[in-house]
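The residues making up each chain are set out below.
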Amino acid sequence: MNEEAWRGIWRFISNHDSMMEEVVCTVPTDDVMPFLLKEPRIKQEIVPYFMMRIIDVPSFIREYAFAENTTPRDFDSPIYLRIADDCAEWNNGLFRLRLQESGFHDVTKSDEANFPDEADLTPAEVKRLAVSCDIQTLSALLIGYKRAPLLQRVGRLQGNEDEIRRLDRLIPDRVPYLTDFF
C-alpha cells in the first residue's frame with residue numbers, strides 16, 4: 001500500500017528468518033527489493049501470467065487515461081492509428097483519435113484514410129501520419145507492458161517516427177501488475 005507497509009512486512013520476515021527456510025513472493029517486474037538488499041543474490045524469475053486484449057478499440061481509447069504531460073499540439077492534432085485484428089473485424093481500420101481535456105476522447109473510424117470532416121489533410125497525408133500495428137501490439141502498448149520504441153525496433157509498430165514518439169510520450173510510464181489473480 002505504501003513504503004511504510006512495504007518496510008514493515010520485510011521487517012517482520014527478517015525478524016522471523018530462523019523460522020523460515022524460504023520466502024517466495026510475487027511482485028511486479030519493477031520491484032526495487034533486489035536493489036535494496038545488502039546481499040542481492042536471490043532467485044528472480046519473470047513469468048508472464050495474464051494476457052490483455054482490447055476487445056473494442058474505440059471504447060477502450062475513448063476513456064483511456066493518457067499521460068498528463070500533454071501539450072497544446074496534442075489537443076489540436078489528431079493521432080491516426082491503423083489497427084489489424086484477425087479475430088474482431090470491427091477493430092480493423094484506421095482510427096482518428098482527438099484527445100480531449102475532459103478525458104473522454106473522440107475516436108472516429110474509417111476503413112480508408114478519408115475522414116469527411118478532415119479539411120486540413122488529404123488521405124495521402126493521413127496515411128503518412130498513421131501509426132500501424134496489430135491489436136496485440138496496441139494492447140501491450142496501452143497497458144504499459146512494452147514501450148513504443150521497442151515495439152518499433154522489433155517491427156511490431158510502424159509509421160511516422162514523430163508520431164510514434166508522440167504516442168509514446170502520451171502513454172503513461174507504468175508497469176502492469178495484477179495482484180489478486182482472480
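Quantities reported herein were computed from a predicted structural model and do not represent experimental measurements.

Q: Sorry, what's going on with the pattern of salt bridges here?
A: Any two side chains of opposite charge can pair, given that their charged atoms come close. All told, the structure shown has 10 salt bridges when counted by the stated rule. Between Arg 165 and Glu 161 there is a salt bridge; the shortest N-O distance is 3.8 Å. Pair noted here: Arg 165 and Glu 161 are both in helix α8 (residues 161-170), with a separation of four residues, about one helical turn. For Glu 161, a relative accessible area of 43% corresponds to the partly exposed category. Two residues, Arg 165 and Asp 162, come together in a salt bridge whose shortest N-O distance is 2.4 Å. One end of the pair, Arg 165, and the other, Asp 162, are both in helix α8, three residues apart, so they sit about a helical turn from each other. Asp 162 gets classed as partly exposed once you look at its relative accessible area, which sits at 49%. When salt bridges with common partners are traced through the structure, they connect Asp 74, Glu 163, Arg 166 and Arg 169 into a single cluster.

Q: Is there a simple way to think about the side chain of Asp 85 in this case?
A: With respect to the secondary-structure elements, Asp 85 resides in the loop between β1 (79-84) and β2 (93-98). Here the side chain of Asp 85 touches Ala 88 through a polar contact of 3.1 Å, landing on its backbone nitrogen. Reaching out from Asp 85, the side chain makes a polar contact with the side chain of Asn 91 at a distance of 3.0 Å. With residues up to four places along the chain from it excluded, the contact list for Asp 85 reads Arg 53, Asn 91, Asn 92 and Ile 135.

Reading the values: the criteria
- Residues numbered from 1 in each chain as written.
- Predicted model: local features only at pLDDT ≥ 70, side-chain atom pairs only at ≥ 80, totals over all residues.
- Heavy atoms only, no water.
- Salt bridge = Lys/Arg side-chain N within 4 Å of Asp/Glu carboxyl O.
- Helix = DSSP H or I, 4+ residues; strand = E, 2+ residues; numbered from the N terminus.
- Buried < 20%, exposed > 50% of the residue type's maximum accessible area, 1.4 Å probe, protein only.
- Polar contact = N/O pair within 3.5 Å; in protein donor to acceptor, adjacent residues only side chain to side chain.
- Contact = heavy atoms within 4.5 Å.

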